[in-house]
Structures are given as structure tokens and as C-alpha cells.
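What follows is each chain in one-letter form.
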Amino acid sequence: MLTAKGVALVTGCAQGIGRAVAQRLASDGFHLGLCDLQAKREPVEELASELSKRHPELQTTVVLGDVSAEDQVQNVVESVVKTLGGIDTLVTCAGIASINTIQRITEKEWEGVFAVNTKGTFFCYKHVGHQMIIQGRGGRIIGISSLAGKRGMFLGSAYCASKFAVRGLTQSAAAEYGPHNITVNACAPGAIETPMLKECFEKAKLYDNEKAVLAQIKISIDGGTYFD
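Residues numbered from 1 in each chain as written. Predicted model: local features only at pLDDT ≥ 70, side-chain atom pairs only at ≥ 80, totals over all residues. Heavy atoms only, no water.

Caption draft 1: Spotlight on the pattern of salt bridges. This model, assessed by the stated rule, comprises six salt bridges. We note a salt bridge from Glu50 to Arg19, for which the minimum N-O separation is 3.2 Å. In this pair, Glu50 sits in helix α2 (residues 41–54) while Arg19 sits in helix α1 (residues 16–28), placing the two residues 31 residues apart along the sequence. The exposure class of Glu50 is buried, given its relative accessible area of 19%. Ionic pairing is found between Lys126 and Glu70, a salt bridge with its closest N-O pair at 2.7 Å. With Lys126 in helix α4 (residues 107–135) and Glu70 in helix α3 (residues 70–84), this residue pair connects regions lying 56 residues apart in the sequence. Given the relative accessible area of 27%, Glu70 is considered partly exposed. (Salt bridge = Lys/Arg side-chain N within 4 Å of Asp/Glu carboxyl O. Helix = DSSP H or I, 4+ residues; strand = E, 2+ residues; numbered from the N terminus. Buried < 20%, exposed > 50% of the residue type's maximum accessible area, 1.4 Å probe, protein only.)

Structure below.
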């Protein structure tokens, strides 16, 4: 039987990286707050059921909300704390991608990407960080940047800029929260075969640039091949 290591909140857990992170944290012994959009209720509840069956000694709670809305993030945090007793670890996996040229991308599309990827991460850092300070037992905050947050990529201006911003935000948060024994780090995944990545390739086809996008991704993967 696992001994609980604390409570982890994972955003964007309905699919892809977020789902895998939640599964790993459960395997490592964390109670889990599982957060995604209202529209993703079914896959999130399926994940909660799956984890409860695998690890009956651990608690899970489904907390639906949009990370781009500060009041909803605050409600998510309060709900997890009320149900599970606090938050010790945060992983911000909620994110969206944009595949478009600089010439064609609209202000609405640009702002939509930043609303989720950057502002959503900021709101989570803000409210979970506040909760961790109140608890007084430190904590671990992990943001999801990207390879695209370290190097600009073809057709990825909004996504790359938003992920570069996550890195800067994370470094600032680390400086502010460090004295409270709260570590803040960002990881930068490369190409991972997720539904979002597949969707990006479909969009790239509209510009006859699928091969160009694929070539850039392959640069970061030693011997890796995706969607050939």
C-alpha cells in the first residue's frame, strides 16, 4: 500500500502530458486534484475512476474550470483544499497550440494562446503559491514550457512566445517563493505524440508545410520519427 506523499493538483489532465503526469503522481503516492475544462468532464472523470481503482488508498477529486479565468482558478484551488486538505504539488499542464503564419494570425488567436498558456500558468502560480505560503510547509510548483519555449519554430509564433513567457514567469516565481521553501521549475518537453501534436500537424498541412514543421521537431529528437 502506498503512503500518501501529499496532494498534487494537475491542470489539463484530460489527455496527453497532463493525463500521464496525473497517472505518474498517483503511482508515486499523491492524492490528486484533477482539473480541466467543463467540456472535458467525461475523460477527467474516467481518469479519476481509473486512478481510484489502481490506487484505492489514495483520494482523487475532479475540479473543472478554465485556467484563463482567475476566479475559476481560485475556485479550483479552494475546492481541492477543502476536499483534500491542502496542495503540496502543482503541475500546470493546461495548454493550447497555434499553427499559423505571423502574417495570418489574428489578434484573437494570439490572445487565446496567451490566455491559456501564459495567463493560465500565472493564475495557477499565484493562487496555489498563496495557498502553499499559508500552509507553511513548502511545496513544489512545476510549469510546462516547451522546446518551443527555448527556440522559435516555423508557424509557431504565438505558441513559442507564450512558452518563452512561461520560462520568465517561472524564474520570477522561483525567486519570490524560494524563501517559503517552495521550489518553482519549468520543464521543456520536445515532441510527444499527443492529440494536440497531431492536431498541429493537421493544421500545418493547410499551409503545405507539414514537412517543415516535422523537420524542426526531428532536430530535437535523436533518431526519433513522428508521423512519417
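Caption draft 2: Molecular detail of the sheet that holds strand β6 (residues 182–187). With respect to topology, six strands assemble into an open sheet ordered β3-β2-β1-β4-β5-β6, the strand pairing being parallel. Two strands close off the open sheet at either side, each with one partner strand: β3 (60–64) and β6. Taking each pair of neighbouring strands and ignoring which way they run, the sheet shows an average axis angle of 15°. For strand β1 (residues 6–11) and strand β2 (residues 30–36), the ladder comprises six bridges, and the chain directions are parallel. Within the sheet, the bridge partner assigned to Gly6 lies in β2 and is Phe30. Together, β2 and β3 form the strand contacts of α2, whose direction differs from that of β3 by roughly 170°. (Pairing = 2+ DSSP bridges. Axes fitted to C-alpha atoms, helices over the stretch in contact; angles between N-to-C directions. Contact = heavy atoms within 4.5 Å.)

Caption draft 3: A look at the packing of aromatic side chains. A complete count under the given rule lists two aromatic pairs for this structure. A centroid spacing of 5.3 Å and a plane angle of 20° characterise the contact between Trp110 and Phe114, whose relative ring orientation is stacked. Remark: Phe114 and Trp110 occur in helix α4; sequence separation between them is four residues, near one turn of the helix. Given the relative accessible area of 32%, Trp110 is considered partly exposed. Measuring from ring centre to ring centre gives 5.5 Å for Phe122 and Phe123, while their planes differ by 45°; the resulting arrangement is tilted. Overall, the relative accessible area of 36% leaves Phe122 in the partly exposed class. Judged by relative accessible area, Phe123 falls into the buried class, the value being 8%. (Phe/Tyr/Trp six-rings, centres within 6.5 Å; stacked < 30°, edge-to-face > 60°.)

Caption draft 4: Geometry of the nonpolar core. Core analysis: the biggest nonpolar cluster contains 24 residues, and Leu9, Val80, Ile87, Leu90, Val128, Ile141 and Val184 have the highest contact counts within it. Of all elements in the fold, only β1, α3, α4, α5 (157–177) and β6 reach the threshold of two or more residues within this core. With six residues, α4 is the single largest residue contributor to this core. Not counting residues within four places of it along the chain, the set of residues in contact with Ile87 comprises Val7, Leu9, Val77, Val80, Val81, Val128, Met132, Gln135 and Arg137. By size, the runner-up hydrophobic cluster in this structure holds 18 residues, among which are Val21, Ala26, Leu32 and Leu47. (Core = buried A, V, L, I, M, F, W, Y, C linked by side-chain atoms within 4.5 Å.)

Caption draft 5: Expanded view of the environment of His180. Secondary-structure assignment places His180 in the loop between α5 and β6. Expressed as a C-alpha distance, the spacing of His180 and Gly138, which sit 42 residues apart in the sequence, is 5.9 Å. His180 has contacts with Ile133 and Gly138, leaving out every residue within four places of it along the chain.

Caption draft 6: Up close: the environment of Leu25. Position of Leu25 among the secondary structure elements: in helix α1. Taking the C-alpha atoms as reference points, Leu25 and Val7, separated by 18 residues in sequence, lie 9.4 Å from one another. Those residues in contact with Leu25, other than ones at most four positions away along the chain, are Ala8, Val10, Phe30, Leu32 and Val91.

Caption draft 7: Representation of the packing of α1 against α2. Here α1 crosses α2 at 20°, and the two axes come no closer than 11 Å. Considered as vectors, α1 and α2 are oriented roughly parallel to each other. Here the hand of the crossing between α1 and α2 comes out right-handed. Contacts from Arg19, Ala22, Gln23 and Ala26 in α1 reach Pro43, Leu47, Glu50 and Leu51 in α2. Of the residues that constitute the contact of α1 with α2, the class distribution is five nonpolar, one polar and two charged. (Parallel < 35°, antiparallel > 145°, perpendicular 65-115°, else oblique. Left-handed = near helix turned anticlockwise from the far one by under 90°. Nonpolar A, V, L, I, M, F, W, Y, C, P; charged D, E, K, R; others polar.)

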